[in-house]
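Report on the structure
Listed below are the residues making up each chain.
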Amino acid sequence: MPIEDADGLRRILGYDRVAVVGASASYEKSAHIVPAYLQRHGYELRPVNPTADEIFGLQAYDSLADVTEPVDVVEIFRPSDEVPGIVEQALDRDDVKAVWMQPGIRNDEAVRKAEANGIEVVQDRCMKVEHGQLIRHPMD
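Below is a summary of the structure that appears in this document. Just so you know, these numbers come straight off a predicted model, no measurement behind them.

Scanning the entire structure with this criterion turns up 0 aromatic pairs. The ring of Tyr-15 is capped by Lys-97, whose NZ or CZ atom sits 5.6 Å from the centre of that ring. Here Lys-128 stacks its cationic end above the ring of Tyr-37, 5.2 Å away from the centre of that ring.

Next comes the structure, spelled out in structure tokens:
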């Protein structure tokens, strides 16, 4: 079962290295607004977008498999039907602790596979909203 309780969400929000699959360089898109918020709150981002060279002032990677830095959480901004392939790439790594699917993104089969392999999953929730509600920072 995907993580939905406040304690579980706080635990995942406590990880600080986030690969953003589907990160956008377009300021008006959620795939830019949400990770930019996370970056402002101290998260280390690894943007993944094969059509960009740089996002958030960081090198953009073509795929999750290409990310060379450690990753704790894979945040997904891609259509639900692409989630199984992204989860497969997460399973091929030995550092991913959680997969987070943004609102409107769900794939129960991928959830089962990730969880069966020890990766926690959040689906259909906004990481920015949950962070704002559950984590308190002096800069807020």
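In this section: the sheet that holds strand β6 (residues 98-101). Taken together, 5 strands build an open sheet; the order of strands is β2-β1-β5-β6-β7 and the sheet is parallel. Bordering the open sheet on either side are β2 (44-48) and β7 (120-122), each of which pairs with just one other strand. In this sheet, adjacent strand axes meet at a mean angle of 20° when their direction is disregarded. Relative to β2, strand β1 (residues 17-21) is paired through 5 bridges, and the arrangement is parallel. Bridge pairing in β2 links Val-21 to Val-48. Packing of helix α3 (residues 83-91) onto the sheet brings it into contact with β1, β5 (73-76) and β6, and relative to β5 it is tilted by some 165°.

Right, let's get into the pairing of β5. A regular strand carries its side chains on alternate faces of the sheet. Residue alternation in β5 divides its side chains into two sets, Val-73 and Glu-75 and Val-74 and Ile-76, and both sets are buried. Here β1 runs beside β5; their pairing, made up of 4 bridges, is parallel. Among the inter-strand pairings, Ala-19 is bridged to a residue of β5, identified as Val-74. Each parallel crossover has a hand, and for β5 linked through α3 to β6 it is right-handed.

Our focus in this paragraph is helix α2 (residues 30-40). Every buried residue of α2 is listed here: Ala-31, His-32, Val-34, Pro-35, Ala-36, Tyr-37 and Leu-38. Of the surrounding elements, those touching the buried residues of α2 are β1, β2, β3 (54-55), β5 and α5 (127-134).

Time to look at the packing of helix α1 (residues 6-13) against α5. Packed helices, taken two at a time, are described by the angle between their axes plus the distance between the axes. Direction vectors running N to C along α1 and α5 enclose 110°, while the axes themselves pass 10 Å from each other. As summarised for this structure, α1 and α5 are arranged roughly perpendicular, according to the angle between their axes. Two secondary-structure elements touch here, α1 through Ala-6, Leu-9, Arg-10 and Leu-13 and α5 through Met-127, Glu-130, His-131 and Leu-134. Across the contact of α1 with α5, the residue classes tally to 5 nonpolar, 1 polar and 2 charged.

Okay, the nonpolar core next. One finds Trp-100 and Met-127 to be the most contacted residues of the largest nonpolar core, which totals 27 residues. When residues of this core are traced back to their parent elements, those giving at least two are α1, β1, α2, β6 and α5. Take this core: its biggest share by element is 5 residues, from α2. Setting aside anything within four residues of it in sequence, one finds Met-127 in contact with Leu-13, Val-18, Val-34, Leu-38, Tyr-43, Val-73, Glu-75, Trp-100 and Gln-102. The next biggest cluster of nonpolar side chains, apart from the first, holds 22 residues, and it includes Ala-19, Val-74, Met-101 and Val-111.

Calculation notes
Residues numbered from 1 in each chain as written. Predicted model: local features only at pLDDT ≥ 70, side-chain atom pairs only at ≥ 80, totals over all residues. Heavy atoms only, no water. Phe/Tyr/Trp six-rings, centres within 6.5 Å; stacked < 30°, edge-to-face > 60°. Lys NZ or Arg CZ within 6 Å of the ring centre and 35° of its normal. Pairing = 2+ DSSP bridges. Helix = DSSP H or I, 4+ residues; strand = E, 2+ residues; numbered from the N terminus. Axes fitted to C-alpha atoms, helices over the stretch in contact; angles between N-to-C directions. Contact = heavy atoms within 4.5 Å. Buried < 20%, exposed > 50% of the residue type's maximum accessible area, 1.4 Å probe, protein only. Right-handed = clockwise from strand over helix to strand, strands pointing away. Parallel < 35°, antiparallel > 145°, perpendicular 65-115°, else oblique. Nonpolar A, V, L, I, M, F, W, Y, C, P; charged D, E, K, R; others polar. Core = buried A, V, L, I, M, F, W, Y, C linked by side-chain atoms within 4.5 Å.

Nothing here speaks to function; it is all geometry.
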